[in-house]
Amino acid sequence: QALVYNNQLLEHRRSTTDLANAVVIQQGLKKYDQALLFARELYDRDPGNEQHTLMYVLALINAGKKEDARLIIDAKLASVSSSTLKSSYYYLRSKLKTDEESILNDLRSSLFEDPRNLDALIAMLEVYHRRKDERRAVYYLKQALSLSPDNPILHPYKNIYQNQLN
């Protein structure tokens, strides 16, 4: 339903909010190539807008254009001063990696810059859950739950680790 409504909006106007919503909707439907088209249009309108840049980089990653994403991320990590933005770019860079230690290093950098980065906390939880390191998984689960107790991604982990959460 959101897709139909957003498409109607885009026919009559193409505000940045409409385009941003289109990106989110297409990503949610796993239509990554379409999401990338909207994200690129949004980014091209205002390349200085960091939220649009983050959406564009994520769309590039999801569409498999990892080298393009890496170039933007590396440039942004060298130029942005906001710790929250740096945290987001480190998190996105972790999504480009395949080596678990490199992934963990970027996630640690992300959390150093912003300990409240929910995406990075969830990613750390997932890594340690896969490694069957319950102590660390519970540590990151508790932090993520404190920020977003109703997050649906966390529900299965709450069930798995419910005895350790008390």
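Residues numbered from 1 in each chain as written. Predicted model: local features only at pLDDT ≥ 70, side-chain atom pairs only at ≥ 80, totals over all residues. Heavy atoms only, no water.

Draft legend 1. Spotlight on the packing of helix α2 (residues 16–28) against helix α4 (residues 50–62). The N-to-C vectors of α2 and α4 enclose an angle of 30°; their axes lie 11 Å apart at closest approach. Between α2 and α4, the angle falls in the class roughly parallel. Relative to α4, the crossing made by α2 is left-handed. Here T16, A20, V23, V24 and Q27 of α2 lie close against α4, whose contacting residues are H52, M55, L58, A59 and N62. Split by residue class, the contact of α2 with α4 holds six nonpolar, four polar and no charged. (Axes fitted to C-alpha atoms, helices over the stretch in contact; angles between N-to-C directions. Helix = DSSP H or I, 4+ residues; strand = E, 2+ residues; numbered from the N terminus. Parallel < 35°, antiparallel > 145°, perpendicular 65-115°, else oblique. Left-handed = near helix turned anticlockwise from the far one by under 90°. Contact = heavy atoms within 4.5 Å. Nonpolar A, V, L, I, M, F, W, Y, C, P; charged D, E, K, R; others polar.)

Draft legend 2. Quick look at helix α5 (residues 66–79). In a regular helix each residue adds 1.5 Å, so 14 residues correspond to 20 Å; α5 covers 20 Å between its end C-alpha atoms and thus fits that length. Of the positions making up α5, those classed as buried are A69, I72, I73, K76 and L77. Seen end-on, α5 carries its buried residues on one side only, within an arc spanning 130°. Exposed and facing more than 90 degrees away from the buried side of α5 are L71, A78 and S79. On its buried face, α5 is in contact with α4 and α6 (83–94). (Expected span 1.5 Å × (residues − 1). Buried < 20%, exposed > 50% of the residue type's maximum accessible area, 1.4 Å probe, protein only. Arc of directions from axis to C-beta.)

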